[in-house]
Amino acid sequence: MDCMYGAACAFYLLEDFDRCRERCENILRSNPESRLTMELHLACIESKEQKEAELLKKTAIGGAVAMGVLGVAGAVASVLLAKK
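Residues numbered from 1 in each chain as written. Predicted model: local features only at pLDDT ≥ 70, side-chain atom pairs only at ≥ 80, totals over all residues. Heavy atoms only, no water.

Asks: Give a detailed account of the packing of helix H1 (residues 2-13) against helix H2 (residues 17-30), specifying residues and quantitative values.
Replies: Their axes nearest at 8 Å, the elements H1 and H2 cross at an angle of 160°. Accordingly, the angle class assigned to the pair H1 and H2 is roughly antiparallel. In terms of crossing hand, the pair formed by H1 and H2 is left-handed. In this structure, H1 uses Met4, Tyr5, Ala7, Ala8, Phe11 and Tyr12 to contact H2, whose residues at the interface are Phe17, Arg19, Cys20, Arg23, Cys24, Asn26 and Ile27. (Axes fitted to C-alpha atoms, helices over the stretch in contact; angles between N-to-C directions. Helix = DSSP H or I, 4+ residues; strand = E, 2+ residues; numbered from the N terminus. Parallel < 35°, antiparallel > 145°, perpendicular 65-115°, else oblique. Left-handed = near helix turned anticlockwise from the far one by under 90°. Contact = heavy atoms within 4.5 Å.)

Next comes the structure, spelled out in structure tokens:
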């Protein structure tokens, strides 16, 4: 049981939250009173959600920047075409 918990901790530190959660769930099936495992399980869920939210935020910022660049490029192109 200790080696499974150790493996779950290692997966957590490697930010492999799915595998960590899976190990924790396996431990909790056989030892549902394991307080440390319950805490690690909840930490996995929370960390995965936080990582996904951070990725979504970065994607949104990148999209907004790309749209801004396209807008500026379009404005410059229309000015250059209007001068001809």
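Asks: Please give an account of the pattern of salt bridges that cites residues and values.
Replies: Evaluated as defined, the whole model comprises five salt bridges. Across the salt bridge formed by lysine 51 and glutamate 15, the nearest N and O atoms sit 3.5 Å from each other. Pair noted here: lysine 51 is in helix H3 (residues 35-83) and glutamate 15 is in the loop between H1 and H2, with a separation of 36 residues, a long-range link. For lysine 51, a relative accessible area of 41% corresponds to the partly exposed category. (Salt bridge = Lys/Arg side-chain N within 4 Å of Asp/Glu carboxyl O. Buried < 20%, exposed > 50% of the residue type's maximum accessible area, 1.4 Å probe, protein only.)

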